[in-house]
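Architecture at a glance
Spelled out from the first residue to the last, the chains are:
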Amino acid sequence: QVQLVESGGGLVQAGGSLRLSCAASGSIVSINAMGWYRQAPGKQRELVTSITRGGSTKYEDSVKGRFTISRDNAKNTVYLQMNNLKPDDTAVYYCAAGTPIEILLGAPRSWGQGTQVTVSS
């Protein structure tokens, strides 16, 4: 079992930046990939970005060039640096862990509790 704890959400003006962190504990040896999802009010949860243990990354088109995912394997922590934030980025952001396929299919074995990101115009 893997436990994920997120931090770093908050309120920011459009054009601003935030960095989210997700610390993993427990059976971390089973984690091959981690990802960030988000869910805006009235919308389905969507995969924003993911990263494998080896460092390969994927991004949803709307965040390319603005968001950067990274991981510190020594600290068992994954980060999401979000720059040039837009009101459409407002959502609850969830950290997730599993295999690359699980992350891609939206069925990771572990979820964080979520952290609210609100971007004002």
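Scope of this entry: the structure provided in the associated data block. (Residues numbered from 1 in each chain as written. Predicted model: local features only at pLDDT ≥ 70, side-chain atom pairs only at ≥ 80, totals over all residues. Heavy atoms only, no water.)

**Focus: the side chain of Thr115**
One can find Thr115 in strand β11 (residues 115-120). Classification of Thr115 as buried rests on a relative accessible area of 12%. Among the polar contacts listed, one links the side chain of Thr115 to the backbone nitrogen of Gly9, at a separation of 3.3 Å. The residues contacting Thr115, other than those within four sequence positions of it, are Glu6, Gly9, Leu20, Ala91, Val92 and Tyr93. (Helix = DSSP H or I, 4+ residues; strand = E, 2+ residues; numbered from the N terminus. Buried < 20%, exposed > 50% of the residue type's maximum accessible area, 1.4 Å probe, protein only. Polar contact = N/O pair within 3.5 Å; in protein donor to acceptor, adjacent residues only side chain to side chain. Contact = heavy atoms within 4.5 Å.)

**A word on the sheet that holds strand β3 (residues 18-26)**
Judged by pairing direction, the sheet is antiparallel, and its four strands sit side by side in the order β1-β3-β8-β7 without closing on themselves. A strand with exactly one partner marks an edge of an open sheet, and here the two such strands are β1 (2-7) and β7 (67-72). Averaged over all pairs of adjacent strands, the angle between their axes in this sheet comes to 15°, without regard to strand direction. (Pairing = 2+ DSSP bridges. Axes fitted to C-alpha atoms, helices over the stretch in contact; angles between N-to-C directions.)

**A short note on the pairing of strand β8 (residues 77-82)**
Of all six residues in β8, five are buried, a share of seventy percent or more. Bridge count between β3 and β8: six bridges; the pairing is antiparallel. Residue pairing for β8: Leu20 is matched across the bridge by Leu80. Where β7 meets β8, six bridges bridge the pair, whose relative direction is antiparallel.

**Considerations on the pairing of strand β9 (residues 91-98)**
The element β9 is largely enclosed, with a buried count of seven among its eight residues. The pairing of strand β4 (residues 33-39) with β9 spans seven bridges and is antiparallel. Bridging across to β9, Gln39 finds its partner in Val92. Here β9 runs beside strand β10 (residues 110-111); their pairing, made up of two bridges, is antiparallel. Opposite Ala97, over in β10, you have Ser110 as the bridge partner.

**Re the side chain of Glu6**
Residue position: Glu6 is located in strand β1. Of note is the side chain of Glu6, whose polar atom sits 2.5 Å from the backbone nitrogen of Cys95. A polar atom in the side chain of Glu6 sits 2.5 Å from the backbone nitrogen of Gly114.

**Structural notes on the nonpolar core**
Membership of the largest hydrophobic core comes to 26 residues, with the highest contact counts inside it found for Leu4, Met34, Trp36, Phe67, Val78, Met82 and Tyr93. Contributions of two or more residues to this core are made by β1, β3, β4, β5 (46-52), β7, β8, β9 and β11. (Core = buried A, V, L, I, M, F, W, Y, C linked by side-chain atoms within 4.5 Å.)

**Considerations on the environment of Glu102**
Looking at the secondary structure, you find Glu102 in helix α1 (residues 100-104). With sequence-adjacent residues up to four places away left out, Glu102 is seen in contact with Tyr37, Ala107, Pro108 and Arg109. Within polar-contact distance, the side chain of Glu102 engages the side chain of Arg109 at 2.9 Å.

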